[in-house]
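The residues making up each chain are set out below.
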Amino acid sequence: MSPLQLSLLFSSALFCIGLVGALARSNTILVLLGIELMLNATNINFIAFWRYGPNHTAGTGVIFVLFSIAVAAAEAAVGLALVIAVYRHQQSIRLQEANRLKG
Amino acid sequence: MNLSAQSLWLIPALPLLAAGIGALTPRRGRSLAAGAAITAMVASFVFSCLALYYVLNDVGCATHVDATGRTVWHQVVGFDYYNFAWFDLGSGALRLGWLLDPLTAFMCVMVTFVGSLIFIFSTGYMKDDANFKQFFCFLSLFAAAMLGLLVANSLLLLFICWELVGLASYLLIGFWFHKPSAAAAAKKAFITTRIGDLGFLLGLLWLYDARGSLLFFDGGHGVLEAASLSAMAGTTLSCGLALSTAIGLLIFCGAVGKSGQFPLHVWLPDAMEGPTPVSALIHAATMVAAGVFLIARVYPLMSADQALAHVPVHALTVVAFIGAITALMGACIAVAQNDIKRALAFSTVSQLGYMMLALGVGSWVAAIFHLLTHAFFKALLFLGAGSVIHSAHHEQDMRLLGGLRGPMKTTFATFAIGMMALAGVPFLFSGFWSKEAILHAALEWDVSLLPLIMGLAAVVLTAFYMTRLVAEVFFGQARSPAAEHAHESPAAMTIPLIILAICAVALGFLGTPVFPWLQAKLLGEAEVHGHSLLEGAGLMVLSIVLVALGLGAGWAIYGRKLRQSATAKDPLETASPSVFAALAARLGFDELYAATVGRANLAFAALSAGFDRYVLGGGISFLTRLAHFTGVMSLDNDEDGLNTGFNATSEKLRGAGKSYSKAQTGDAHGYLRVLALAFVVLVLLVVLGGGR
Amino acid sequence: MIVALITIALFTLASAALAMSLRNLIHSALLLVASWAGVAMFYLWAGAEFLAFAQGLIYIGAISMVVLFAVLLTRRSVAELAPAPDGKWRSVTAIYTGCAVAAVFFGAILFTPLNFSAGPARSFTVRELGQQLMGPQAAAVLVVGVILTVALLGGVVLAAVGRRTEKEDAS
């Protein structure tokens, strides 16, 4: 099995762990963290394809991951601030209870 | 230090800078605005002198890069130009340039010198005016535009400056805009010159269309260079004219408007409504000189058709006859004017006619010589008149003046010098020599002698009306309280007068037939070939006799029996009332234009108004009625038919929205789950579907 | 090489799975830090050293701190959080869903011929990365900078508004 295939399996496994976490947990913070794990898994994919791809010197994979990390940082900051705001508002961080906009 | 063409832009840039400073100065910054204007003008004078020095002493090779990028050498005497790209236009670039040749250099020196003196004079004349600062701002702009016109090496740049001159003259003639007559005069000057400028613009566009360039000199590609000229002279239009003739005549239209030539001279006397320094500037250094300068500049183009025998008319022939008619007509009208400035204005018209006559008969050098001498003595006369008007509390009617010889000694002495220079009193005064040059050129013209005869008639009249003017204003007794209390003007006004008087005498000796230094330098000849006064002495004696005749007649009619009261009739009026009345009414040109052009314009306007009101207006009101009717019809239709349908549809949409909003469960986990499962299903669909 | 990769992968996956399954949020957060460190090690292994440092700084340094703060600020609720009534059902469906997605991924990876050439000659230097960022990618860098600034301000605004409403609620 080639390193590329291994890396891809690794990233998809990490993605699925994040997905299961985000689906199963009712704590909003953990849901966010699951999503962070999924983002990390995609970053691993970028690096794997950059490392073993046909155009190694282009550096697009690295730069893409860099931007992805930056955006993830922003997302985490805003997401957790939202969690705190919601918590202050309804004294709960249960994701199921944040459903005021349902139809 | 030399001033080559590359730095020639400094000469117009300095007054422009002064105008900018003047525009930004607060209203009470009087001395700053005036100081900036005068400093800039004097500095420009210094630069002009450097340019002249360069022109007169630089004999050698010049190089330039032509349109194809090659470096070309040419042997020149004081001739230099510098072209640069203004902006890129499609595949080519629009190029402008500066041109330094003897014509430009002499004109620049004259304009800056006379301009400086007029600026200094203005500080005295306009001292009590509330808009003192604006006045100097406009004056600087005027001078800057004129200087830019002089140094341009591109017909386009010349045209831009030409229009700027028009704008500045509009602002200055209408400077006392609270006077309705001044505002009207400014408008008239602007519109009348614009008629000529239209021709100029058409000529310019045609020239660009024909040659693809508007640069005068461009290493063989310029429009005034041999290749271009022969190509244009060789092209014959369907009406039989050569292309160069047609373009030349169109450009001449602009000069006719700007230089107050017949039949567009009507604005020039009205321009007297402006402050007197403005009149001096317009009549001497700038504006009217621009037209003569333009023809002198494009002289190679104007004369390109001279060698052709089969064309119906040569461009220069038209110029010569227009000039001769203007010279005679202006002199005639000037005889019967009572306003001191108006009489001088018509004398300017007449003298400009002389210059055009000289250009037309082929001696542009004589024209420029007369332009230079005329600039000095006409500035002197106008400033002298300004001094009189200033001290006589803005009284301009010579019937109400009189007897100013005593209280205003300096003004009288200098004015008399200017008058003799204009009248062409022999040997000592500059006007004599330059007028002689023109008359000699007219004598040698082989097409017709008529311009010469008209010019000689104008010589008599010029001497006559100037004698009348001086006798009425300075001799006799004061005929109004204002004239009685007249006093000598301050030094800021008399010193420029004295300087100009000296120049009005001295300048003539630069171009006497014995030693025609100016002519030789203008033509770019290194050596001066003089000849004896006896050559062509017949014509000179004739003109001296004619001048004497005019002076004598003037003195006999006005000098011996001086005017006693302001209401007394003019001796000529008593002799021939109808002729005098016609001349006093300026031969009715204004009335003629009002009756023809003005009335035609009014009729066309009335026709347009009627068309607008009845045809277009009626059609539109019919359309509105129609629209209103259909509106009423469809309103009923709408109420009954459409609204119920729309209501039903809206209800359905609301119901649908309610059903769909059930899908928004508010369960974030549910969304994510659906997303993940949908992904799986989609991938399976793609894979099982065979990857299509 | 392969052994190192497998070790890193197993470490990362194990800590991530544990983090997602623990009830104690503080423990979860700490285990996630371990998982992110594993990802950083993967970057190091793959030759993207700069990314490894960025991962360390941002995830292990910054985001973990934010997560811990969030956990502590919401601690009362966490302690009181009773197991959700439908928790079991949701966990089961979540695992099934995750397995389905994983099956799709694994199938895709294992049955796709990936015959890229192996081994790169040299790695991508920080200097080249900087030139890329300041040259062709400068616009994207600017945009990311704006996004980060806006996110920072947005976070502050959200938190500040929450505090004021809490005071109003209390009074």
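Enquirer: Describe the overall build of chain B, listing the residues and the values that go with them.
Expert: Check the secondary structure of chain B and you find 26 helices and four strands. Sorting the 692 residues of chain B into buried and exposed places 54% on the buried side. Summed over all atoms, the accessible surface of chain B reaches about 28,700 Å², with 69% contributed by carbon and sulfur.

Enquirer: Tell me about the overall build of chain A, and name the residues and values.
Expert: Secondary structure summary: chain A contains three helices and zero strands in total. Of the regular secondary structure in chain A, the N- to C-terminal order runs α-α-α. A burial count over chain A gives 67% of its 103 residues as buried. The long-range fraction of contacts in chain A, counting pairs at least 24 apart against all pairs at least 6 apart in sequence, stands at 61%.

Enquirer: With reference to specific residues and values, describe the packing of helix α1 (residues 2-21) of chain C against helix α2 (residues 25-46) of chain C.
Expert: Residues and elements named next belong to chain C. Two numbers describe how α1 lies on α2: the axes approach to 8 Å, and their chain directions differ by 160°. Between α1 and α2, the interaxial angle falls into the category roughly antiparallel. For the crossing formed where α1 meets α2, the hand is left-handed. Contact with α1, carried on its side by Ala4, Leu5, Ile8, Phe11, Thr12, Ser15, Ala16, Leu18, Ala19 and Met20, involves Ser28, Leu31, Leu32, Ala34, Ser35, Gly38, Val39, Met41, Phe42 and Trp45 of α2 and no other residues of that element. In terms of residue class, the contact of α1 with α2 is built from 15 nonpolar, five polar and no charged.

Enquirer: So what about the pattern of salt bridges? Which residues, and what values?
Expert: Oppositely charged side chains are able to pair whenever their charged atoms sit close together. All names here are of chain B. Per the counting criterion, the structure on display carries three salt bridges over all chains. The closest approach of N and O atoms between Arg194 and Glu163, which form a salt bridge, is 2.7 Å. With Arg194 in helix α6 (residues 180-211) and Glu163 in helix α5 (residues 155-173), this pair connects stretches of sequence that are 31 residues apart. For Arg194, a relative accessible area of 28% puts it in the partly exposed group. Asp197 is the salt-bridge partner of Arg194, the closest N and O atoms lying 3.5 Å from each other. With Arg194 and Asp197 both in helix α6 and three residues apart, the pair spans about one turn of that helix. Three or more residues are tied together by salt bridges with common partners; here these are Glu163, Arg194 and Asp197.

Enquirer: Explain a nonpolar patch on the surface to me, using residue names and the numbers behind them.
Expert: Residues and elements named next belong to chain B. On the surface, a cluster of nonpolar side chains totalling about 540 Å² of accessible area is made up of Phe611, Tyr614, Val615, Leu616 and Ile620. Note that Val615 resides in helix α25 (residues 589-661). Residue Val615 is classed as partly exposed on the basis of its relative accessible area of 48%.

Enquirer: Outline the interface of chain B and chain C, supporting the account with residue identities and numerical values.
Expert: If you look at the interface, chain B gives seven residues, while chain C gives eight residues. Buried surface at the junction of chain B and chain C, both sides included, amounts to about 650 Å², of which 83% is carbon and sulfur. A per-residue breakdown of the area chain B buries against chain C is headed by Arg673, Phe679 and Val680 of chain B, which together make up 62% of the total. At the surface where chain B touches chain C, the tally comes to zero salt bridges. The interface formed by chain B and chain C contains zero residue pairs in polar contact (both at pLDDT 80 or more).

Enquirer: Account for the interface of chain A and chain C, with residues named and values stated.
Expert: In this assembly, 68 residues from chain A lie in contact with 84 residues from chain C. For the pair chain A and chain C, the two sides together bury roughly 6,900 Å², of which 77% comes from carbon and sulfur. The tally of links between chain A and chain C comes to zero salt bridges. Viewed at the interface, chain C and chain A are joined by six residue pairs in polar contact (both at pLDDT 80 or more). Of all elements in the fold, only α1 (3-24), α2 (28-52) and α3 (60-90) of chain A reach the threshold of two or more residues within the side of chain A that touches chain C. Partitioned by chemical class, the residues of the side of chain A that touches chain C number 46 nonpolar, 17 polar and five charged.

Enquirer: Help me get a handle on the packing of aromatic side chains, residues and values and all.
Expert: Under the defined criterion, the tally for this structure stands at 19 aromatic pairs over all chains. Look at Phe135 of chain B and Phe175 of chain B: their rings are 5.1 Å apart centre to centre, the planes differ by 65°, and that puts the pair in the edge-to-face class. Here Phe135 of chain B, found in helix α4 (residues 132-151), pairs with Phe175 of chain B, found in the loop between α5 and α6; they are 40 residues apart in sequence, far enough to count as distant. The pair formed by Phe135 of chain B and Phe175 of chain B is uniform in burial state, with each residue classed as buried. One aromatic cluster is present, formed by Phe119, Phe132, Phe135, Phe136, Phe138 and Phe175 of chain B through successive ring pairs. Taking the ring centre of Tyr52 of chain A as reference, the NZ or CZ of Arg51 of chain A above it sits at 5.1 Å.

Enquirer: Requested: an account of the confidence of the model for chain B, with residues and values cited.
Expert: Confidence along chain B averages 79 in pLDDT terms, with 88% of residues attaining 70 or more. This complex was scored by the predictor with a pTM of 0.60 and an ipTM of 0.89.

Enquirer: Pulling in residues and values, what's your account of the environment of Asp590 of chain B?
Expert: Residues and elements named next belong to chain B. Tracing the chain through its elements places Asp590 in helix α25. For Asp590 and Val266, which are 324 residues apart along the polypeptide, the C-alpha to C-alpha distance reads 6.8 Å. With near-sequence residues (within four places) excluded, Asp590 lies in contact with Lys188 and Val266.

Enquirer: Can you lay out the packing of α1 of chain A against helix α5 (residues 87-110) of chain C for me, pointing to particular residues and giving the numbers?
Expert: Close contact between α1 of chain A and α5 of chain C brings their axes to 9 Å; oriented N to C, the two are set at 165°. In terms of their interaxial angle, α1 of chain A and α5 of chain C are classed as roughly antiparallel. Seen from above, α1 of chain A lies across α5 of chain C with right-handed handedness. Within the contact between the two elements, α1 of chain A uses Gln5, Leu8, Leu9, Ser12, Ala13, Phe15, Cys16, Leu19, Val20, Leu23 and Ala24 of chain A and α5 of chain C uses Arg90, Ser91, Ala94, Ile95, Thr97, Gly98, Val101, Ala102, Phe105, Phe106, Ile109 and Leu110 of chain C. Considered class by class, the residues forming the contact of α1 of chain A with α5 of chain C number 17 nonpolar, five polar and one charged.

Enquirer: Give me the lowdown on α2 of chain A, citing residues and values where you can.
Expert: Given 3.6 residues per turn, any residue in an α-helix points the same way as the ones three and four places further on. Compared with the 36 Å implied by 1.5 Å per residue over 25 residues, the 37 Å span of α2 of chain A between its first and last C-alpha is a close match. For α2 of chain A, the tally of buried residues reaches 19 of 25 residues, placing the bulk of the element in the interior.

Enquirer: Could you give an account of the side chain of Glu36 of chain A, naming the residues involved and the relevant values?
Expert: Mapped onto the secondary structure, Glu36 of chain A falls in helix α2. For the buried Glu36 of chain A, no salt bridge exists, and the shortest N-O distance to an oppositely charged side chain is 17 Å, to Arg25 of chain A. At a separation of 3.2 Å, a polar atom in the side chain of Glu36 of chain A contacts the side chain of Tyr59 of chain C. Leaving out residues up to four positions away in the same chain, Glu36 of chain A has contacts with Ala72, Glu75 and Ala76 of chain A together with Trp36, Tyr59 and Ile63 of chain C.

Enquirer: I'd like a rundown of the confidence of the model for chain A, residues and numbers included.
Expert: Keep in mind that low pLDDT regions are not for reading the predicted coordinates in detail. Taken over all residues, the pLDDT of chain A has a mean of 86, while the share at 70 or more is 96%. When mean pLDDT is compared element by element in chain A, α1 of chain A scores highest at 91, while α3 of chain A scores lowest at 87.

Enquirer: Describe in detail α25 of chain B, supporting the description with residues and values.
Expert: An ideal rise of 1.5 Å per residue puts 108 Å on 73 residues; α25 of chain B reaches only 87 Å between its terminal C-alpha atoms. Along α25 of chain B, the helix axis deviates most sharply at Asp638 of chain B, where the bend reaches about 45°.

Enquirer: Kindly report on the environment of Ile502 of chain B, identifying the contributing residues and their values.
Expert: All names here are of chain B. As for its position among the elements, Ile502 is in helix α20 (residues 491-506). The class for Ile502 is exposed, based on a relative accessible area of 54%. Sequence separation of Ile502 and Phe376 is 126 residues, and the distance between their C-alpha atoms is 9.4 Å.

Enquirer: Describe the side chain of Ser387 of chain B, naming the residues involved and giving the relevant values.
Expert: By secondary structure assignment, the location of Ser387 of chain B is in helix α15 (residues 364-391). Setting aside residues no more than four positions away along its own chain, Ser387 of chain B makes contact with Phe121, Met408, Thr411, Glu488, Ser489, Met493 and Leu497 of chain B.

Conventions we followed
Residues numbered from 1 in each chain as written. Chains lettered and ligands numbered in written order. Predicted model: local features only at pLDDT ≥ 70, side-chain atom pairs only at ≥ 80, totals over all residues. Heavy atoms only, no water. Helix = DSSP H or I, 4+ residues; strand = E, 2+ residues; numbered from the N terminus. Buried < 20%, exposed > 50% of the residue type's maximum accessible area, 1.4 Å probe, protein only. Areas by Shrake-Rupley, 256 points an atom, 1.4 Å probe, with all protein chains shown as cover. Contact = heavy atoms within 4.5 Å. Axes fitted to C-alpha atoms, helices over the stretch in contact; angles between N-to-C directions. Parallel < 35°, antiparallel > 145°, perpendicular 65-115°, else oblique. Left-handed = near helix turned anticlockwise from the far one by under 90°. Nonpolar A, V, L, I, M, F, W, Y, C, P; charged D, E, K, R; others polar. Salt bridge = Lys/Arg side-chain N within 4 Å of Asp/Glu carboxyl O. Patch = residues over 30% accessible without salt bridge, like charges linked within 9 Å, V, L, I, M, F, W, Y side chains within 5 Å. Buried area = accessible area lost by both parts, 1.4 Å probe. Polar contact = N/O pair within 3.5 Å; in protein donor to acceptor, adjacent residues only side chain to side chain. Phe/Tyr/Trp six-rings, centres within 6.5 Å; stacked < 30°, edge-to-face > 60°. Lys NZ or Arg CZ within 6 Å of the ring centre and 35° of its normal. pLDDT = per-residue confidence, 0-100. Expected span 1.5 Å × (residues − 1). Lys, Arg positive; Asp, Glu negative; His and termini not counted. Bend = angle between axes of the 7 residues up to and from the residue.

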